[in-house]
Structures are given as C-alpha cells and as structure tokens.
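Reading the structure
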Amino acid sequence: ADPAGDYNTMVYASRESRMRRSVPTENIWGDIVGYSRAVRAGNLIFVSGTTASGPDGKALHPGKPGQQTRVILDRIEAALIKLGGSLDQVVETRIYLCDISQWEAVGKVHGEVFAAIRPATTMVEVSRLIASDLVVEISATAILDSDTTS
C-alpha cells in the first residue's frame, strides 16, 4: 500500500511560500480548528497530533491502542513523504495516551517503526482526546538534510 494514502499536498499561494508547505488533515477538525496535518518550513517538518479517526471523526479500531498507533504512524509517514521527508528523519515524537497502563501496546508498535531511528520521545497520560473512542494521539518533528523544496 502507498503510505502517502489519500493525502494531497496543499500549497496556498497567498499564505505559503516556497519555504512553507502543508498537508491537510483530511478530518472534520482541520477546518474547524484551522490546522494542517503537517507543515514544512525550510528543512523542518512539524506533524500535528495525529489520531486514528476516519473522515467522520469516528475512531478506527475503537479502544485498541496498538492498532490505532499503527494507523497513526502510517499517517505520519504519509504526511512526511508528501513534504519530502521520511520516518528516518524524525527526531522527536510525543505520545498522548488516555490510559497509561496501555503504554506497552503503543510502545511496541512505536518501537517496531522507530527501532533503528530512536527519536527522542515523550509519553504522557491525558484525561481525554477529541473523541471518546480515540485512545492515543502522536505528534512528530523531523529535520531534513536540506531545505530545498521537494
């Protein structure tokens, strides 16, 4: 399967320059909250908190942290690719769990994906995410080798 999925890179002529590009969220919250899935500025890519929700906002794999983590990391990878990056360039991830006792299920998937990369990582428990059936959210930062536009 193509990790880039259905993401489309958006370049806003009036608000984004050659040095700033973004990938839309493709969920119901992007337009409401006014944010992008990821933004590239020069050689930096910032990936917003990403969940395993469908376009309607409902969770994929409700209550299953490991499966949600797999979907999330696939989405993060797709956003990075659209902006000329890759998972190999991730330097930090932030993991938000609704129940910290589920850390091993999330950590196992994160560890499989980032085994050779070993980014700095923070994992914290939060009281709730944007939808009650979502149990994990992950954001990431990547540094590319150059700031040329891909």
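Predicted model only: the values in this text are computed from it and were never measured.

Cut-offs applied
- Along each chain, residues carry numbers from 1 onward, in the same order as the chain's sequence is written.
- Predicted model: local features are reported for residues with pLDDT of at least 70 only, side-chain atom pairs are reported and counted for 80 or more only, and whole-chain, interface and lining totals are derived from all residues.
- Based on all heavy atoms of the structure, the side-chain values leave hydrogens and waters out of the count.
- Secondary structure follows DSSP: runs of H or I at least 4 residues long count as helices, runs of E at least 2 residues long count as strands, and numbering of each begins at the N terminus.
- We call two residues in contact whenever any of their non-hydrogen atoms come within 4.5 Å of each other.
- We call a set of buried Ala, Val, Leu, Ile, Met, Phe, Trp, Tyr and Cys residues a nonpolar core when their side-chain atoms join them within 4.5 Å.
- Here's how the labels work: a residue is buried when its accessible area is under 20% of the maximum for its type, exposed when over 50%, partly exposed in between, all with a 1.4 Å probe on protein chains only.
- Expected span, for any helix, means 1.5 Å times one less than how many residues it has.
- Within this analysis, the arc is defined by the directions that extend from the helix axis to the C-beta atoms.

1. Section: the overall build of the protein chain
Regarding its fold elements, the protein chain presents three helices and six strands. The order of helices and strands in the protein chain, counted from the N terminus, is β-α-β-β-α-β-α-β-β. Counting only contacts in the protein chain whose residues sit at least 6 apart along the sequence, the fraction spanning at least 24 positions is 68%.

2. Observations concerning the nonpolar core
Inside soluble globular proteins, nonpolar side chains tend to come together where they are buried. In this structure, Ile45, Val47, Ile76, Leu80, Val90, Val136 and Ile138 are the most contacted members of the largest nonpolar core, which totals 24 residues. Elements represented by at least two residues in this core include exactly β3 (44–50), α2 (65–82), β4 (90–97), α3 (103–114) and β6 (136–143). For this core, the element with the highest residue contribution is α2, accounting for six residues. Beyond its immediate sequence surroundings of up to four residues, Leu80 is in contact with Ile45, Val47, Gly85, Ser86, Leu87, Val90 and Ala142.

3. Topic: α3
Taking 1.5 Å of rise per residue, the twelve residues of α3 would be expected to cover 16 Å, and the 16 Å separating its terminal C-alpha atoms lies within 8% of that figure. Every buried residue belonging to α3 is among Val106, Val109, His110 and Phe114, and all of these are buried. Each buried residue of α3 lies within a common arc of 120° when the element is viewed along its axis, so the set occupies one face. Summarising the geometry of α3, the exposed residues directed more than 90 degrees from the buried face are Glu104 and Lys108. Summarising the contacts, the buried residues of α3 are in contact with α2, β4, β5 (120–125) and β6.

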